[in-house]
Amino acid sequence: MRITYFIGFAVATVLVAWLTAFYYPQPVDKIICSSTLTRKSAYALDPVFTVGITLYFSAANRGRLSIYGSAANKSQMWHIQRAFKFNYTVQEKGTIELNVNHVWKHPSDNTSDDIFIRNVLDIGDGQQRTIMLRKFENLYFIMEDPSTPIFVCSAPE
Amino acid sequence: MSYLLDKKIFFSEAAGIIRNLDSDEMQTLSVTAAMIFSLLIEQQGYTLSKEDIAGYIENKFNYKVAHNTITQYISVVRKSLVLMGFSATAIVTVPKTGFYFSNEIVAEQVDGMSSAPLSQSGTLAASGQKIFTYRHVVKLAGLSLLAAMAVAIGCFQYQKESYSLERDIEPVNIGQIGKCPLYALIKESGSELANAYIIPAAKVAQAKLPCIKDHIFFFQPDSLVAQGYPGNAYLARCLLSSTDGHQQYGQCENVYLFGDYHS
């Protein structure tokens, strides 16, 4: 009988703890950082794109990636001004899954999604991406994997 | 009458219960079985015939018991004792004579200690041995609540930690480009730094991000570049400022170029 009570209390303890700590997702601190990114792909005919990036993680598992910039060659000029809204989940510390649920484009944005993905960032509407976020002082390294950085941005302190 | 047997089993004739004080398990006896067991304990060591037992019950309680059912009652008591973890030989059968309660058992009389007062006091006055009562339940509930809170706080801290967005990284200083320190995010083991990292980094810097005063470089080639082949190289340049001894970075510019950096 006594052992039954103990087992009952142990189970109750674990349940209470689990419900208290895990039932409601806890918000994380918000992050905002910015930088510029210049990319030249292996495709020789593609121009060099230089864009400004602002990355924002809110505490409510939502975020936004704003990108603006331009590129040109002798015959054409591309303008980029778009924002990706996403929901995110923390898979484990430093690994985040992004689900892009909305892309806003300024009317002047004349860059096709194919060119954007090939030359700037491999991200698009409805796309799911897993990134790694590494911090050093007030810098955030956004990484494809542990050895492949995508860009680094600085957060105001 | 109530008895404590070998400081392990509590028997109350009035309540008709046999209780194991260690496990708090309990067996209920019929009134007649409880009477017979109580008589055997009272007459410990003396052999009582079926007639003796039947006569005792009839005289004392004015209740007739058939002789042939006494063996069944004793069997029931034995089974109850065994279920409570007690010896079946506590009641010894003397063939064609009767039964006696073994002298090897220490039987202590604890008069007035029925099941109810035991539950209230939580202590057997005669033995000082504690049994499990509602007070213990309350204490255990309190302790469990405290334990739950402690575990919850621990889990919350763990969750807070695991829900952190970022992990720390410690870039490695591998040299300089001009007067700007050059850091690598991850250094390939066994690679020659100059060929694998510094030369490609210097070429990217010369082409796109030259060293500027108070700036710092972060470099990371892909594995092809690190091994001397054309590939992608990543270079970032950030302004490093120091206020009140605290370092702060800003104005980061990233370059991600495909090229042959070893030709």
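**Details of the overall build of chain B**
Phase 1: When helices and strands are counted, chain B shows seven helices and 13 strands.
Phase 2: Per-residue burial for chain B yields a buried fraction of 41% across its 263 residues.
Phase 3: In chain B, once contacts between residues fewer than 6 apart in sequence are set aside, the share between residues at least 24 apart is 50%.
Phase 4: Only carbon and sulfur atoms are counted for the fraction: they give 54% of the accessible area of chain B, which is about 13500 Å².

**Description of the side chain of Ser49(B)**
Phase 1: If you trace the backbone, Ser49(B) turns up in the loop between α1 (31-42) and α2 (50-61).
Phase 2: Here Ser49(B) is in contact with Thr97(B) and Gly98(B), once residues within four sequence places are set aside.

**Thoughts on the nonpolar core**
Phase 1: Counting 52 residues, the largest nonpolar core has Phe57(A), Leu65(A), Leu121(A), Phe151(A) and Phe218(B) as the members making the most contacts within it.
Phase 2: Take this core: its biggest share by element is six residues, from strand β4 (residues 77-92) of chain A.
Phase 3: Setting aside its immediate chain neighbours within four residues, Leu121(A) contacts Leu37(A), Ile53(A), Leu65(A), Ile67(A), Phe116(A), Ile150(A) and Phe151(A).

**A closer look at the state of the cysteines**
Phase 1: Within this structure, the stated rule accounts for three disulfides over all chains.
Phase 2: When the bonded cysteines of chain B are counted from the start of the sequence, the pairing works out to 1-2, 3-4.

**Quick look at the pairing of strand β3 (residues 62-72) of chain A**
The two faces of the sheet receive side chains in turn, since in a regular strand these alternate between them.
Residues and elements named next belong to chain A.
Phase 1: Of the two faces of β3, only one is covered, namely that formed by Gly 63, Leu 65, Ile 67, Gly 69 and Ala 71; the face formed by Arg 62, Arg 64, Ser 66, Tyr 68, Ser 70 and Ala 72 stays uncovered.
Phase 2: Inspection of the sheet shows strand β2 (residues 49-57) paired to β3 by eight bridges, in the antiparallel sense. Among the inter-strand pairings, Tyr 56 is bridged to a residue of β3, identified as Arg 64.
Phase 3: Taking the residues between adjacent antiparallel strands as the criterion, β2 and β3 are bridged by four residues, where Asn 61 takes a positive phi near 60°.
Phase 4: Summarising the sheet, β3 and β4 pair through eleven bridges and their orientation is antiparallel. By the bridge assignment for β4, Gly 63 is matched with Phe 86.
Phase 5: Linkage of β3 to β4, two consecutive antiparallel strands, is achieved through a turn of four residues.

**So, the pattern of salt bridges**
Phase 1: Inspection of every chain in the model, using the stated rule, returns eight salt bridges over all chains.
Phase 2: Asp113(A) serves as the salt-bridge partner of Lys105(A), at 2.8 Å between the closest nitrogen and oxygen.
Phase 3: Overall, Asp113(A) belongs to the partly exposed group, its relative accessible area being 41%.
Phase 4: Glu108(B) is the salt-bridge partner of Lys7(B), the closest N and O atoms lying 3.2 Å from each other. A residue pair is termed long-range when its members are at least 10 positions apart, and Lys7(B) in the loop between β1 (2-5) and β2 (9-12) and Glu108(B) in strand β7 (residues 107-109) qualify at 101 residues.
Phase 5: The network of salt bridges with common partners includes Arg82(A), Lys105(A), Asp109(A) and Asp113(A).

**Some details on the side chain of Arg237(B)**
All names here are of chain B.
Phase 1: Note on placement: Arg 237 falls in strand β12 (residues 231-243).
Phase 2: One polar contact links Arg 237 to Glu 253, side chain to side chain, over a distance of 2.7 Å.
Phase 3: The residues contacting Arg 237, other than those within four sequence positions of it, are Leu 209, Pro 210, Ile 212, His 215, Ile 216, Phe 217, Gln 251, Cys 252 and Glu 253.

**A word on the sheet that holds β7(B)**
All names here are of chain B.
Phase 1: Strand order in the open sheet formed by five strands is β4-β3-β2-β1-β7, with antiparallel pairing between adjacent strands. The open sheet has two edge strands, β4 (26-28) and β7, and neither has a second partner. Taking each pair of neighbouring strands and ignoring which way they run, the sheet shows an average axis angle of 20°.
Phase 2: Where β1 lies against β2, four bridges are found, and the strand directions are antiparallel. Looking at β2, one finds that Ser 2 is bridged to Ser 12.

**A short note on the packing of α2(B) against helix α3 (residues 67-83) of chain B**
All names here are of chain B.
Phase 1: For the pair α2 and α3, interaxial distance at closest approach is 9 Å and the crossing angle is 95°. Judged on the interaxial angle alone, α3 and α2 are roughly perpendicular. Here Lys 50, Glu 51, Ile 53 and Ala 54 of α2 come into contact with α3, specifically with His 67, Ile 70, Thr 71 and Ile 74.

**So, α1(B)**
Residue and element names in this part refer to chain B.
Phase 1: In a regular helix each residue adds 1.5 Å, so twelve residues correspond to 16 Å; α1 covers 16 Å between its end C-alpha atoms and thus fits that length.
Phase 2: Burial runs high along α1: ten of the twelve residues are buried.
Phase 3: Taken as a whole, α1 has its buried residues at Thr 32, Ala 33, Ala 34, Met 35, Ile 36, Phe 37, Ser 38, Leu 39, Leu 40 and Ile 41.

**Digging into a nonpolar patch on the surface**
Phase 1: A contiguous nonpolar patch, built from Leu143(B), Leu145(B), Leu146(B) and Met149(B) and spanning about 430 Å² of accessible area, is present on the exposed surface.
Phase 2: Structurally, Met149(B) can be placed in helix α5 (residues 134-162).

**Thoughts on the pairing of strand β11 (residues 215-221) of chain B**
Residue and element names in this part refer to chain B.
Phase 1: When you tally the buried positions in β11, you get seven out of seven residues, the bulk of the element.
Phase 2: Of the two faces of β11, the one lined by His 215, Phe 217, Phe 219 and Pro 221 and the one lined by Ile 216, Phe 218 and Gln 220 are each fully buried.
Phase 3: Here three bridges tie strand β10 (residues 180-184) to β11, and the two strands are oriented parallel to one another. Its bridge partner being in β11, Tyr 183 is matched across the sheet by Phe 218.
Phase 4: With seven bridges connecting them, β11 and β12 associate as antiparallel partners. In the strand pairing of β12, Ile 216 is matched with Cys 238.

**Concerning the packing of α1(B) against α3(B)**
Residue and element names in this part refer to chain B.
Phase 1: The geometry of α1 relative to α3 is characterised by a closest axis approach of 9 Å and an angle of 80° between their N-to-C directions. The angle between α1 and α3 places the two elements in the roughly perpendicular class. Contact residues: α1 offers Thr 32, Ala 33, Ile 36, Phe 37 and Leu 40, while α3 offers Ile 70, Tyr 73, Ile 74, Val 77 and Leu 81.
Phase 2: Classifying every residue of the contact of α1 with α3 by side-chain character gives nine nonpolar, one polar and no charged.

The rules behind these values
Each chain carries its own residue numbering, running from 1 in the written order of its sequence. Labels follow written order: the first chain is A, the first ligand is 1, and so on. Thresholds applied to this predicted model are a pLDDT of at least 70 for local features of residues and 80 or more for the giving and counting of side-chain atom pairs; totals over whole chains, interfaces and linings are not thresholded and use all residues. Excluded from the side-chain calculations are hydrogens and water; all other atoms, namely the structure's heavy atoms, are used. Numbering of helices and strands runs from the N terminus, with a helix taken as a DSSP run of H or I at least four residues long and a strand as a DSSP run of E at least two residues long. For each residue, the accessible area found with a 1.4 Å probe, counting protein chains only, is set against the maximum for its type, and the residue is called buried under 20%, exposed over 50%, and partly exposed in between. Whether two residues are in contact is decided by their heavy atoms: any pair within 4.5 Å suffices. Accessible surface area values rest on a Shrake-Rupley calculation with a 1.4 Å probe, where residue burial reflects the displayed protein chains alone. Nonpolar core, defined: a set of buried Ala, Val, Leu, Ile, Met, Phe, Trp, Tyr and Cys residues in which side-chain atoms within 4.5 Å join the residues together. Put simply, a disulfide is two cysteine sulfurs that come within 2.5 Å. Paired strands, in this sense, are two strands between which DSSP finds at least two bridges. The term salt bridge refers to a pairing of a side-chain nitrogen on Lys or Arg with a carboxyl oxygen on Asp or Glu at a separation within 4 Å. Nitrogen and oxygen atoms within 3.5 Å of one another constitute a polar contact, given that in protein one can donate a hydrogen and the other can accept it, and given that sequence-neighbouring residues count only through two side-chain atoms. The axes are straight lines fitted to the C-alpha atoms, using for helices just the contacting stretch, and the angles between their N-to-C directions are given from 0 to 180°. Orientation is classified from the angle alone, with under 35 degrees giving roughly parallel, over 145 giving roughly antiparallel, 65 to 115 giving roughly perpendicular, and any other angle giving oblique. Multiplying 1.5 Å by the residue count of a helix minus one yields the expected span of that helix. Only residues whose relative accessible area exceeds 30% and that form no salt bridge enter a patch; like-charged residues are grouped when within 9 Å of one another, and nonpolar side chains (Val, Leu, Ile, Met, Phe, Trp, Tyr) when within 5 Å. Gly is put with the polar residues, along with every residue not named as nonpolar or charged; the nonpolar set is Ala, Val, Leu, Ile, Met, Phe, Trp, Tyr, Cys and Pro, and the charged set is Asp, Glu, Lys and Arg.

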